[in-house]
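# Commentary on secondary and tertiary structure
For reference, the chains in residue letters:
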Amino acid sequence: MKVSFIGLGVMGYPMAGHLAEKGHDVTVYNRTVSKSHRWVEQYSGSYAATPAQAVTDADQVFMCVGNDDDVRSVVYGEHGVLAGMKPGAILVDHTTTSAILAEELNLAAKEKQVRFLDGPVSGGQAGAENGVLTVMMGGEAEDFSTVEGTIDSYAKKVTLLGAAGSGQRCKMVNQLCIAGIVQGLSEAIKFAQYAELDIKTVVEVLSGGAAQSWQLDNRALTMAEGKFDFGFAIDWMRKDLGFCFEEAEKKGLNLPLAKMVDGFYQQLQQQGDNRLDTSSLIKLL
């Protein structure tokens, strides 16, 4: 398969690498060209100077950049992705964006006779590096079935939720769950420490019961040790929660717990901890 990957950040770099390792003909684009050079040296593939050049003749194009504005900057314009894609090709956006943008891109792609799917991911940097991401997708079933096998290169689970925008809305559900779980875990760990319990033993006990979660299994010990350098930064979490609040407001829905946790993250940002990972909530306790 001739594929292109736009965006070589902490997620995109290994995701594109898995595509190359699976034998696909991969062309990459990244705003920082030196990272494209490094990727090509590490994997078999090529790089291009613009998004449009990167996607020329590609059957499937994948993007993973920062936010809505970043997506628009690589998709639109004479040097953008849509300017270079051939009719009938499929564009998949793995960036976590607003659902409004996903619906916008779907319409813009149709005007260019390009097929579109929104496919935000969960699993963090480690999931991308190990090829075990969870991908939540929105779009047409036929297009989903076409790209599913390709995405399996870096994912353990790929699911179609509905029309364009559904993947982004499912990612919002994911982030709302995480916000509540991490705050609860922070309070629980701090309580255990004050009770002078051995945290490792506590985690082993809880992992076999109703309190078990990915966050418990993977972050409880590092939170107790004050280690918060595990990829997904507070800045990005607040961006994602902002999308949740926008969608909730349109539906007339209140999200009190998420808003409380968002306020805690804001405090950490104001302390200069904006690049720490989301488990750093425990610092406020």
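Residues numbered from 1 in each chain as written. Predicted model: local features only at pLDDT ≥ 70, side-chain atom pairs only at ≥ 80, totals over all residues. Heavy atoms only, no water.

### Quick look at the environment of Thr95
As for its placement among the helices and strands, Thr95 is situated in the loop between β5 (90-93) and α6 (99-111). Given the relative accessible area of 1%, Thr95 is considered buried. In sequence terms Thr95 and Gln168 are 73 residues apart; their C-alpha atoms lie 8.9 Å from each other. (Helix = DSSP H or I, 4+ residues; strand = E, 2+ residues; numbered from the N terminus. Buried < 20%, exposed > 50% of the residue type's maximum accessible area, 1.4 Å probe, protein only.)

### Quick word on the pairing of strand β8 (residues 133-138)
Burial within β8 is extensive, with five of its six residues counted as buried. Relative to strand β9 (residues 155-162), β8 is paired through six bridges, and the arrangement is parallel. Across the sheet, the residue bridging to Thr134 is Lys157, located in β9. Each parallel crossover has a hand, and the one from β8 via helix α8 (residues 141-151) to β9 is right-handed. (Pairing = 2+ DSSP bridges. Right-handed = clockwise from strand over helix to strand, strands pointing away.)

### Observations concerning the pattern of salt bridges
By the definition in use, this model includes 13 salt bridges. For Arg115, the salt bridge goes to Asp143, with nearest N and O atoms at 2.9 Å. Of this pair, Arg115 sits in strand β6 (residues 115-118) while Asp143 sits in helix α8, placing them 28 residues apart in sequence. When its relative accessible area of 7% is taken as the criterion, Asp143 is described as buried. Within the structure, one salt-bridge network assembled from shared partners comprises Glu103, Arg169, Glu247 and Lys250. (Salt bridge = Lys/Arg side-chain N within 4 Å of Asp/Glu carboxyl O.)

### A closer look at the packing of helix α12 (residues 234-251) against helix α13 (residues 256-270)
Where α12 contacts α13, the axes come no closer than 10 Å and their chain directions differ by 150 degrees. The angle between α12 and α13 places the two elements in the roughly antiparallel class. As α12 packs across α13, the resulting crossing turns out to be left-handed. Touching Ile234, Asp235, Met237, Arg238, Leu241 and Phe245 of α12 are Ala258, Lys259, Asp262, Tyr265, Gln266, Leu268 and Gln269, all from α13. (Axes fitted to C-alpha atoms, helices over the stretch in contact; angles between N-to-C directions. Parallel < 35°, antiparallel > 145°, perpendicular 65-115°, else oblique. Left-handed = near helix turned anticlockwise from the far one by under 90°. Contact = heavy atoms within 4.5 Å.)

### Focus on the packing of aromatic side chains
Going through the model one piece at a time under the given rule, you end up with four aromatic pairs. Ring centres 6.4 Å apart and planes at 90 degrees place the aromatic pair Phe62 and Tyr154 in the edge-to-face group. One end of the pair, Phe62, is in strand β4 (residues 60-63); the other, Tyr154, is in the loop between α8 and β9, and 92 residues separate them in sequence. Take Phe62: its relative accessible area is 0%, and that puts it in the buried class. Three or more aromatic residues joined by ring pairs form one cluster here, namely Phe5, Phe62 and Tyr154. (Phe/Tyr/Trp six-rings, centres within 6.5 Å; stacked < 30°, edge-to-face > 60°.)

### A word on the packing of helix α10 (residues 199-206) against helix α11 (residues 214-224)
At a closest axis distance of 10 Å, the pairing of α10 and α11 adopts a crossing angle of 165 degrees. The angle between α10 and α11 places the two elements in the roughly antiparallel class. Two packed elements cross with a definite hand, and for α10 against α11 that hand is right-handed. Mapping the contact onto sequence places Ile199, Lys200, Val203 and Leu206 in α10 and Leu216, Ala220, Leu221 and Ala224 in α11. Residues belonging to the contact of α10 with α11 are distributed by class as follows: seven nonpolar, no polar and one charged. (Nonpolar A, V, L, I, M, F, W, Y, C, P; charged D, E, K, R; others polar.)

### Some details on α6
Taking 1.5 Å of rise per residue, 13 residues should cover 18 Å, and α6 covers 19 Å from first to last C-alpha, within 8% of that figure. Taken together, the buried positions of α6 are occupied by Ala99, Leu101, Ala102, Leu105, Asn106, Ala108 and Ala109. Looking at the packing, one finds that the buried side of α6 touches α4 (68-75), α5 (81-84), β5, β6, α9 (166-194) and α12. (Expected span 1.5 Å × (residues − 1).)

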